[in-house]
Amino acid sequence: EAFPPAERGKDMAFWGLGIVVAPMLGPILGGWLTDSYSWRWVFYINLPVGLASLYMTKLFIFDPPYLKRGVRSVDGWGIGMLAVGIGALQITLDKGQQDDWFGSQFIVACATVAAIMLVGFVIRELVAREPVVHLRVFKSRNYSVGVAMMTTLGFVLYGSLVALPVFLQTLMGYPAMDAGLATAPRGLGAFLGMPIIGMIMAKADPRKLLAVGFFVAGLSLVQLSRLDMTATIWDFFWPQFWLGLALSFMFVPLTTTTMDPIPREEMGNATSLFNLMRNLGGGFGIAAATTVIARTSQSNASRLAEHVTAYNPLAQQMLAQMHERFIAAGFDPVTASRAAYAAIAGLVHQQAALLSYLYAFRVFGWIFIVVIPLLFLLKRPEHTTRPVAGH
C-alpha cells in the first residue's frame, strides 16, 4: 500500500524474493548447523533473528495515517480462540503421523479443540462489533479465489520442500548440508525470475502468467517423480530450477491480483489472512507429505515382497549372487545366507520408499496442474497496468 497501484507488481517482486527464496535457503542453513553443531541450533538460531526483527520493526514499521484512530476495544475472545485453535491444529498436523492420527486420543483431543475453537472464532468475528479479523473481505471473488490458490501454493511448496531433503538423506545417502544445497536451485530460479516478473507485470495479464507458473511448476514436480536411485545432482538441479522460476510467475501475479480489489483500509487485514492461509496450507502440505510417504511405503513394500519368493527366478538369482558375495567377503555359509536375505529385504524397503517419494512428487505436481481452471474465476486486476499518458 506504500506504492501506487501501477507500481505494485514490480515492488511486490522484490518483496516476494524474501517470501519465496528464504524458505529454500532454510534447508541449507539447517543442514550446515546440523552437520557442524547440532540439530538444536536450527531452533536456537531463531532467537537472535527474532530479536533483530522486533528491533527493526520498532524502528521502521509504522501505521499509515488513515489507520491512526482512537483507543477502541480489543476482541480478546477472538484472539484467544484463534490462538488456541491454530495451536491445536498445528500440533495435530505436526504429530499426527507420529501418533497414528486419530488412533491417538491425544490427536483426537487436539483436532476437536482446533475444530471447536476455529468454528467459534469464525462465528465470533462475524457478529463482533470490533472483530480482530474482518472475514467479510471474502465477499470479493478475486480475494476468495486468490486465497484458495495461495493455500494450495503453500501446500505444495512446503510439502515438496520438506520431502526432497529427507529423500536425499535417507535414500541417496546425502549429508544434511548436501541435501540442503540440493534445494538451492529453487531459490536460484526464484531469485532470477522475480525481477523479470516485476518488469513484465505492468504489461501482461496476471492470469496468463499464473497459468504458465502453475503449469511449469506442475511439470517440474512430475519430472522429479521420474528419478531413480542412479540420479545425479544435475538430475535434481534442473527440475528444481524450473520450479523456482515458475514460483516467481505464481507468487507475484497471485498476490497483486488477489489484493487488487481490496480497499487500502482493509489491506492489513486482508494480507494477514492471505499469509495465514499460506502458512496453514504449508502445515497441511508437510503433514500430507509425511503421511503419504509413510503409508504408501508400507503398502509398496508389501506388494514388492510378494514377488520375492522361491518361485521367482530373478529373485532366486539375486539371492544366490548376494550369497556368493558374502561368502567371498569371508562369511561362513549360514551367516552369508542370513546376510543375503537381510540385503534383499533392505533392497525391497529401499525401492518401496523410493516409489513412495516419487508418488508424493507426482501428486504435488498434478495438484498444481488441476487448480489451473480456478484462474477462470479471477477477474483481471484494474490497477496493474500503467496509465497511458494523454495528449
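As the structure is a computational prediction, the values presented were derived from the model and not from experiment. (Residues numbered from 1 in each chain as written. Predicted model: local features only at pLDDT ≥ 70, side-chain atom pairs only at ≥ 80, totals over all residues. Heavy atoms only, no water.)

Here we come to the packing of helix α10 (residues 233–259) against helix α11 (residues 267–305). Look at α10 against α11: their axes get within 11 Å of each other, and the N-to-C directions meet at 140°. By the criterion of interaxial angle, the relationship of α10 to α11 is oblique. Note that α10 runs across α11; the crossing there is right-handed. Across from Phe251, Thr255, Thr258 and Met259 in α10, the residues of α11 making contact are Met267, Ala270, Thr271, Phe274 and Arg278. (Axes fitted to C-alpha atoms, helices over the stretch in contact; angles between N-to-C directions. Helix = DSSP H or I, 4+ residues; strand = E, 2+ residues; numbered from the N terminus. Parallel < 35°, antiparallel > 145°, perpendicular 65-115°, else oblique. Left-handed = near helix turned anticlockwise from the far one by under 90°. Contact = heavy atoms within 4.5 Å.)

With that settled, consider the packing of aromatic side chains. Summed over all chains, the structure comprises 16 aromatic pairs. Relative to Phe236, the ring of Phe167 has its centre 5.9 Å away and its plane inclined at 55°; by these criteria the two rings are tilted. Of this pair, Phe167 sits in helix α6 (residues 141–170) while Phe236 sits in helix α10; the two residues are 69 residues apart in sequence, bridging distant segments of the chain. Assigned by exposure class, Phe167 and Phe236 land together as buried. Between Phe237 and Trp238, the aromatic rings sit 4.9 Å apart at their centres with planes inclined by 85°, giving edge-to-face as the arrangement. Taken together through their ring pairs, the aromatic side chains of Trp234, Phe237, Trp238, Phe241 and Trp242 make up a single cluster. (Phe/Tyr/Trp six-rings, centres within 6.5 Å; stacked < 30°, edge-to-face > 60°. Buried < 20%, exposed > 50% of the residue type's maximum accessible area, 1.4 Å probe, protein only.)

This part takes up the pattern of salt bridges. Evaluated as defined, the whole model comprises two salt bridges. For Arg295, the salt bridge goes to Asp100, with nearest N and O atoms at 3.3 Å. Linking Arg295 in helix α11 with Asp100 in the loop between α4 (76–95) and α5 (105–127), this pair joins segments that are 195 residues apart in sequence. When the shortest N-O distance is used, the salt bridge between Arg207 and Asp205 registers 2.9 Å. Relative accessible area serves as the criterion here: at 25%, Arg207 is assigned to the partly exposed category. (Salt bridge = Lys/Arg side-chain N within 4 Å of Asp/Glu carboxyl O.)

Running from amino to carboxyl end, α11 crosses helix α13 (residues 333–370) at an angle of 140°, the nearest separation of the two axes being 7 Å. Between α11 and α13, the crossing angle belongs to the class labelled oblique. Here α11 runs over α13; the crossing is right-handed. Here Gly285, Ala289, Val292, Ile293, Thr296, Ser297, Asn300, Ala301, Leu304 and Ala305 of α11 come into contact with α13, specifically with Val348, His349, Gln351, Ala352, Ala353, Leu355, Ser356, Tyr357, Tyr359, Ala360 and Phe364.

With that settled, the discussion passes to the environment of Arg141. As for its position among the elements, Arg141 is in helix α6. For the pair Arg141 and Lys379, spaced 238 residues apart in the sequence, the C-alpha separation amounts to 8.2 Å. The contacts of Arg141, once residues within four sequence positions are left out, are Leu377 and Lys379.

Mapped onto the elements of the fold, Thr258 is located in helix α10. Judged by relative accessible area, Thr258 falls into the buried class, the value being 0%. At 2.6 Å, the side chain of Thr258 forms a polar contact with the backbone oxygen of Leu254. Thr258 has contacts with Asn142, Tyr143, Gly146, Val147 and Phe274, leaving out every residue within four places of it along the chain. (Polar contact = N/O pair within 3.5 Å; in protein donor to acceptor, adjacent residues only side chain to side chain.)

In this model, Asp100 sits at a positive phi of 65°, which is unusual for a non-glycine residue. Overall, Asp100 belongs to the partly exposed group, its relative accessible area being 47%. The backbone of Trp101 shows a phi angle near 50°, a positive value even though the residue is not glycine. As for its placement among the helices and strands, Trp101 is situated in the loop between α4 and α5.

In the predicted model, the chain carries a mean pLDDT of 83, and the fraction of residues at 70 or more is 93%. For the chain, per-element mean pLDDT is lowest for helix α1 (residues 8–36), which scores 75, and highest for helix α3 (residues 46–60), which scores 92. A low-confidence stretch, residues 385–391 stays under pLDDT 50, and its non-local contacts, those more than four residues away or across chains, total seven contacts. (pLDDT = per-residue confidence, 0-100.)

Moving on, we get to a nonpolar patch on the surface. Together, Leu29, Trp32, Tyr37, Trp39, Trp41, Val42, Phe43 and Tyr44 make up an exposed nonpolar region whose accessible area comes to about 880 Å². Of all the secondary-structure elements, those providing two or more residues to the nonpolar patch are α1 and α2 (41–44). A total of four residues in the nonpolar patch trace back to one element, the largest contributor, which is α2. Along the polypeptide, Trp32 turns up in helix α1. (Patch = residues over 30% accessible without salt bridge, like charges linked within 9 Å, V, L, I, M, F, W, Y side chains within 5 Å. Areas by Shrake-Rupley, 256 points an atom, 1.4 Å probe, with all protein chains shown as cover.)

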